[in-house]
Amino acid sequence: MFKFVTLDPWQLPGSRFEIEKEMLEKEGFEVVLADCHTDDDVVAVAKDADAIALIYHQMTAELMDRLPKCKLLVRYGIGTDTIDIEAASERGIVVCNVPDYCQPDVATHTIALLLDICRKVTYLDRDVRKGNWDSTIGYKVNRVKNLVIGMYGFGSIARTTVQLLSGFEPTIIAYDPYAPDSLFEEFGVKRVTEDELWAQSDVISVHTPLTPETKFAINKESIAKMKEGVIIVNTARGPIIKLDDLLEGLKSGKVKAAGLDVVEVEPIKDPNAEIYKYDTLIVNPHSAYNSVEAEYELHSKVGQSAIDVLVKKIIPYNAVNKKVVTKVKE
């Protein structure tokens, strides 16, 4: 019997963990939904686990050394910045994510934030609730067709966003040092350098993974290179934007408005926090991924990853270190 442990299901309250539980129990797995907040909690429940799933718990090299039976680490989500992938690979542990479970949802949420800002929907709603009735209050708006929209990162979600934007006919540019030229050509998007993206974009939409290179990429220095009155939308990872620098940009007017589904440090539950003092800023609680369909895909693909690795003894398509770990360790 294999043992499968989810370390921190409390990070996704109300999510349907019964989906993978039922899948795995049919294959003879022992399935444990744990309540881990510390590394000691993890070791107590998962030291004999063959597969470990996690949401935000940091899986370090030191912690892996305390989990000798682990053959698979799988993250509920697209990003893998919570896992030391190099350390896992050195230990022969397969690392999986779910790279394709919520692409249309995040792209749709990106469009929702962008259109909300461009048409001042939330901004005007906040104003009328104060007893005002002025359609021209606040910042000036432009037709989406006349905007240059810059994609910071040109992965699958960015490309889906481009497809959804096509009916609005904006000019779209993108920066991504890792995407091949053929993708830019296929989607009719102009490839630019990072500095060109900052300088030319009316709207900057963030779609890059969080890496040492992209952490705080949007900061005081990069904002200074942007157009006066730039709009910034982030549905990727919070720490790509230095929050204090963004707020300073909003205060000065350099940044016209922003829509954040993610923030530098989550959650921000204090209603008096500085971030909530800006009417030109929309903040959502890291919700872009969420839909009924995405939830099912997330849980079923986590379960299937464990079945592929432990039962079928194959390295699945969603193994992020498959070039290094080519077979399942005994």
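Please read these numbers as outputs of a predicted model, since none were measured by experiment. The numbers attached to residues start from 1 for each chain and follow its sequence in the written order. In keeping with the model being predicted, local features are shown solely for residues with a pLDDT of at least 70 and side-chain atom pairs are shown and tallied solely at 80 or more, while totals for entire chains, interfaces and linings include all residues. Working from all heavy atoms in the structure, the side-chain values ignore hydrogens and water.

A few words now on the sheet that holds strand β12 (residues 281–283). An order of β8-β7-β6-β9-β10-β11-β12 is seen for the 7 strands of this open sheet, with the pairing classed as parallel. The sheet is open, and its two borders are formed by β8 (190–191) and β12, each paired with just one other strand. In the sheet, strand β6 (residues 148–152) pairs with strand β9 (residues 203–206) via 4 bridges, with the strands oriented parallel. Its bridge partner being in β9, Ile149 is matched across the sheet by Val203. At least two bridges found by DSSP between two strands are what make those strands a pair. Helix and strand assignments come from DSSP, with helices taken as H or I runs of at least 4 residues and strands as E runs of at least 2, each series counted from the N terminus.

Here the focus is the pairing of strand β3 (residues 51–54). Judged by which residues are buried, β3 turns out to be covered on both faces: Ala51 and Ala53 on one side and Ile52 and Leu54 on the other are all buried. As judged from the 3 bridges shared by strand β1 (residues 3–6) and β3, these two strands associate in the parallel manner. Across the sheet, the residue bridging to Phe4 is Ala51, located in β3. Examined bridge by bridge, β3 and strand β4 (residues 72–75) share 4 bridges and lie parallel to one another. Bridged to Ile52 within β4 is Leu73. Relative accessible area decides the class of each residue, using a 1.4 Å probe on protein chains only: under 20% of the type maximum gives buried, over 50% gives exposed, and in between gives partly exposed.

Together, Asp35, Asp39, Asp41, Glu62, Asp84 and Glu86 make up a negatively charged patch on the protein surface. Residue position: Glu62 is located in helix α3 (residues 61–64). Given a relative accessible area of 57%, Glu62 falls into the exposed group. Only residues whose relative accessible area exceeds 30% and that form no salt bridge enter a patch; like-charged residues are grouped when within 9 Å of one another, and nonpolar side chains (Val, Leu, Ile, Met, Phe, Trp, Tyr) when within 5 Å. Exposure was quantified through the Shrake-Rupley algorithm and a 1.4 Å probe, taking into account, for residues, occlusion by the shown protein chains and nothing else. Criterion for a salt bridge: a side-chain nitrogen of Lys or Arg within 4 Å of a carboxyl oxygen of Asp or Glu. In this charge count, Lys and Arg are treated as positive and Asp and Glu as negative; neither His nor the chain ends contribute. Here the site of a charge means atom NZ of a Lys, CZ of an Arg, CG of an Asp or CD of a Glu.

The next subject is the nonpolar core. Within the largest apolar cluster, 31 residues are counted, with the highest numbers of intra-cluster contacts made by Phe4, Leu72 and Tyr76. Sorting the residues of this core by element identifies β3, β4, β5 (94–96), α5 (103–118) and α12 (292–311) as the ones contributing at least two each. Examining the composition of this core, we find that 7 residues originate from one element, α12, more than from any other. Only heavy atoms matter for contacts: two residues are in contact if any of them lie within 4.5 Å across the pair. When neighbours within four sequence positions are excluded, Leu72 is seen to be in contact with Asp50, Ala51, Ile52, Ile93, Val94, Cys96, Ser305, Ala306 and Val309. Think of a nonpolar core as a cluster: buried Ala, Val, Leu, Ile, Met, Phe, Trp, Tyr and Cys residues, connected wherever their side-chain atoms sit within 4.5 Å. Core analysis: the next-biggest nonpolar cluster, separate from the first, contains 30 residues, Ile173, Leu197, Ile204 and Ile223 among them.

A few words on the sheet that holds β4. Reading across the sheet, the 5 strands line up as β2-β1-β3-β4-β5 and stay open at both edges, with parallel pairing between neighbours. With one partner strand each, in any of the chains shown, β2 (30–33) and β5 form the two edges of the open sheet. Here the average twist between neighbouring strands, direction ignored, is 15°. Packing against the sheet, α12 makes contact with β1, β3, β4 and β5, and its axis sits at approximately 165° to β4. Structural elements are reduced to axes, namely lines fitted to C-alpha atoms, with helices fitted over the stretch in contact, and the angle between N-to-C directions of any two is expressed from 0 to 180 degrees.

This part covers the packing of aromatic side chains. Here is the rule: rings of Phe, Tyr and Trp (six-membered ring for Trp) pair when centre to centre is within 6.5 Å. Planes less than 30 degrees apart are stacked, more than 60 are edge-to-face, and the remainder are tilted. Applying the stated criterion to the full structure yields 7 aromatic pairs. Their ring planes at 15° and their centres at 5.8 Å tell us that Tyr152 and Tyr175 sit as a pair that is stacked. On the criterion of sequence distance, the pair formed by Tyr152 in strand β6 and Tyr175 in strand β7 (residues 171–175) is long-range, its members being 23 residues apart. Classification of Tyr152 by relative accessible area gives buried; the value is 3%. Aromatic pair Tyr152 and Trp198: ring centres 5.2 Å apart, planes at 35°, arrangement tilted. Placement of Tyr152 in strand β6 and of Trp198 in helix α9 (residues 194–200) is noted, with a sequence separation of 46 residues between them. Joined through ring pairs, the aromatic side chains of Tyr152, Tyr175 and Trp198 make up one cluster. For a Lys NZ or an Arg CZ to count as sitting over a ring, it must be within 6 Å of the ring centre and within 35 degrees of the ring normal. Over the ring of Tyr139 we find Lys120, and its NZ or CZ is 5.6 Å from the ring centre. Above the ring of Phe216, the side-chain terminus of Lys242 is found at 4.6 Å from the ring centroid.

Turning to empty space enclosed by the protein, a few remarks are in order. Put plainly, a pocket is an open set of points on a 1 Å grid over the protein atoms alone with protein on both sides within 12 Å along at least five of seven lines, a cavity is a set where a 1.4 Å probe fits but cannot get out, and a lining residue has an atom within 4 Å of a point. Grid points are joined across faces, edges and corners, and a volume is the space filled by probe spheres set on the points. If you walk through the whole model with that rule in mind, you get 1 cavity of 30 Å³ or more. The leading source of residues in the lining of the largest cavity is helix α6 (residues 121–128), at 3 residues. Note on residue categories: nonpolar means Ala, Val, Leu, Ile, Met, Phe, Trp, Tyr, Cys or Pro, charged means Asp, Glu, Lys or Arg, and polar means any other residue, Gly included. Tallied by class, the residues present in the lining of the largest cavity amount to 6 nonpolar, 2 polar and 3 charged.

Structurally, Asp176 can be placed in the loop between β7 and α8 (181–187). Buried within the structure, Asp176 lacks any salt-bridge partner; its nearest side chain of opposite charge belongs to Arg191, at an N-O separation of 5.5 Å. Here Tyr178 takes part through its backbone nitrogen, which lies 2.9 Å from a polar atom of the side chain of Asp176. Here a polar contact is taken to be a pair of N or O atoms separated by no more than 3.5 Å, where protein atoms must pair a possible hydrogen donor with a possible acceptor and residues adjacent in sequence count only if both atoms sit in side chains. Side-chain polar atoms of Asp176 contact the backbone nitrogen of Ala179, separated by 3.2 Å. Excluding its chain neighbours within four sequence positions, the residues that come into contact with Asp176 are Gly153, Phe154, Gly155, Phe184 and Arg191.

Look at α5 against helix α7 (residues 156–165): their axes get within 8 Å of each other, and the N-to-C directions meet at 55°. Classified by the angle their axes make, α5 and α7 are oblique. Crossing handedness for the pair α5 and α7: right-handed. Touching Gln103, Pro104, Val106, Ala107, Thr108, Thr110 and Ile111 of α5 are Ser156, Ile157, Thr160, Thr161, Leu164 and Leu165, all from α7. We call two directions roughly parallel when the angle between them is under 35 degrees, roughly antiparallel when it is over 145, roughly perpendicular when it lies between 65 and 115, and oblique otherwise. Crossings are classed by handedness, with left-handed meaning an anticlockwise turn of the near helix from the far one by less than a right angle and right-handed meaning a clockwise turn.

Right, let's talk about unusual backbone geometry for a bit. Residue Glu266 is joined to Pro267 through a cis peptide bond whose omega torsion reads -5°. Position of Pro267 among the secondary structure elements: in the loop between β11 (255–260) and β12. Located in the positive-phi region is His286, a residue other than glycine, with phi close to 55°. Looking at the secondary structure, you find His286 in the loop between β12 and α12.

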